[in-house]
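Each chain is listed here by its residues.
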Amino acid sequence: MITKLTSLLKAAGISLSDQQKEQLVAYVGLLDKWNKAYNLTSVRDPQQMLVRHILDSIVVAPHLQGERFIDVGTGPGLPGIPLAIVLPQAHFTLLDSLGKRVRFLRQVQHELGLTNITPVQSRVEEFPSEPPFDGVISRAFASLQDMVNWCHHLPSAQGHFYALKGVRPDEEIASLPAGFRLVSVEALKVPELDGERHLVVIARE
């Protein structure tokens, strides 16, 4: 698994320490183990998890600005846990409404010794943002419109929304509500992944 991860990282032009690689592989191991009972992801093959969960998450890292992030609808910790491993200086609040997922996140936090994540069970609209976050991240969470409507209270005035998407969501971008503006759309390259990946960055007007 380490060899496979190393070759994927090389193809993506990402450099990580041995400890970071070991943590990412250990996370995949826990995801695979808990998935049998908890049904956390539809991806069953750990090798595929490296591509579709790990690389798919960490290619976003160079585009994030700030140090305090919230991953809304994190599920089993995607993209928050891989990002927390590759960005140890940043802190990630991992928000999910399902107790079984949050229990899994706490187990990952304990077993991997991750001090820069905070798993929280809450609905996003009920979660207070004190202090506000530098970035609000979501992966396959909702439309851009729903994301900014439900999470509008979470980022600071200078903060950004980061939405991980497949094909470029031009219709969603065109229907962003008043008060929000498109900052950029980044085409992401994920080795061995079929299909497009884009990061949509949004800010307040």
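Residues numbered from 1 in each chain as written. Predicted model: local features only at pLDDT ≥ 70, side-chain atom pairs only at ≥ 80, totals over all residues. Heavy atoms only, no water.

A. Highlighting the overall build of the protein chain. Across its full length, the protein chain holds seven helices and seven strands. For the protein chain, the spread of C-alpha atoms along the principal axes amounts to about 45 × 35 × 30 Å. Looking at the protein chain as a whole, 53% of its 205 residues qualify as buried. Put simply, of all contacts in the protein chain between residues at least 6 apart along the chain, 66% involve residues at least 24 apart. For the protein chain, the exposed surface amounts to about 9400 Å²; the carbon and sulfur share of it is 48%. (Helix = DSSP H or I, 4+ residues; strand = E, 2+ residues; numbered from the N terminus. Buried < 20%, exposed > 50% of the residue type's maximum accessible area, 1.4 Å probe, protein only. Contact = heavy atoms within 4.5 Å. Areas by Shrake-Rupley, 256 points an atom, 1.4 Å probe, with all protein chains shown as cover.)

B. The packing of helix α1 (residues 2–12) against helix α3 (residues 46–58), seen in detail. Two elements in contact, α1 and α3, have axes separated by 11 Å at closest approach and are oriented at 40 degrees. Taken as a pair, α1 and α3 cross one another with a handedness that is right-handed. Each of Lys 4, Leu 5, Leu 8, Leu 9 and Ala 12 in α1 lies in contact with α3, whose residues at this interface are Gln 47, Leu 50, Val 51, Ile 54, Leu 55 and Ile 58. Partitioning the contact of α1 with α3 into residue classes produces nine nonpolar, one polar and one charged. (Axes fitted to C-alpha atoms, helices over the stretch in contact; angles between N-to-C directions. Left-handed = near helix turned anticlockwise from the far one by under 90°. Nonpolar A, V, L, I, M, F, W, Y, C, P; charged D, E, K, R; others polar.)

C. View of unusual backbone geometry. Residue Pro 79 follows Leu 78 across a cis peptide bond; omega there is 5 degrees. Tracing the backbone shows Pro 79 in the loop between β1 (68–72) and α4 (80–86). Here Glu 130 and Pro 131 are connected by a cis peptide whose omega angle stands at -10 degrees. Take Pro 131: it is sitting in the loop between β3 (117–121) and β4 (133–139). You will see that Asn 39, though not glycine, has its phi angle at about 55 degrees, which is positive. Examined against the element boundaries, Asn 39 turns out to sit in the loop between α2 (18–38) and α3.

D. Looking closely at the sheet that holds β4. Spatially, seven strands are ordered β3-β2-β1-β4-β5-β7-β6 in an open sheet, and the strand pairing comes out mixed. Looking at strand neighbours, the two that pair on one side only are β3 and β6 (180–187), the edges of this open sheet. Across the sheet, the mean angle separating the axes of adjacent strands is 20 degrees when strand polarity is ignored. Alignment of strand β2 (residues 91–96) against β3, held across five bridges, turns out to be parallel. In the strand pairing of β3, Leu 94 is matched with Pro 119. (Pairing = 2+ DSSP bridges.)

E. A look at the pairing of β4. Along β4, six of the seven residues are buried, which leaves the element largely enclosed by surrounding structure. Both β1 and β4 contribute to a ladder of three bridges, which runs parallel. The residue bridging Phe 69 from the neighbouring strand is Gly 135, located in β4. Here six bridges tie β4 to strand β5 (residues 155–165), and the two strands are oriented parallel to one another. Each bridged residue has a counterpart across the sheet, and for Val 136 the counterpart in β5 is Phe 161. Remark: the β4/helix α6 (residues 144–151)/β5 crossover connection has right-handed handedness. (Right-handed = clockwise from strand over helix to strand, strands pointing away.)

F. Layout of the nonpolar core. In this structure, Tyr 27, Ile 54, Leu 64, Ile 81, Phe 92 and Phe 104 are the most contacted members of the largest nonpolar core, which totals 48 residues. Only α1, α2, α3, α4, β2, α5 (99–112), β5 and β7 (198–204) provide two or more residues apiece to this core. Sort the elements by how many residues they give to this core and α2 lands first, with seven residues. (Core = buried A, V, L, I, M, F, W, Y, C linked by side-chain atoms within 4.5 Å.)

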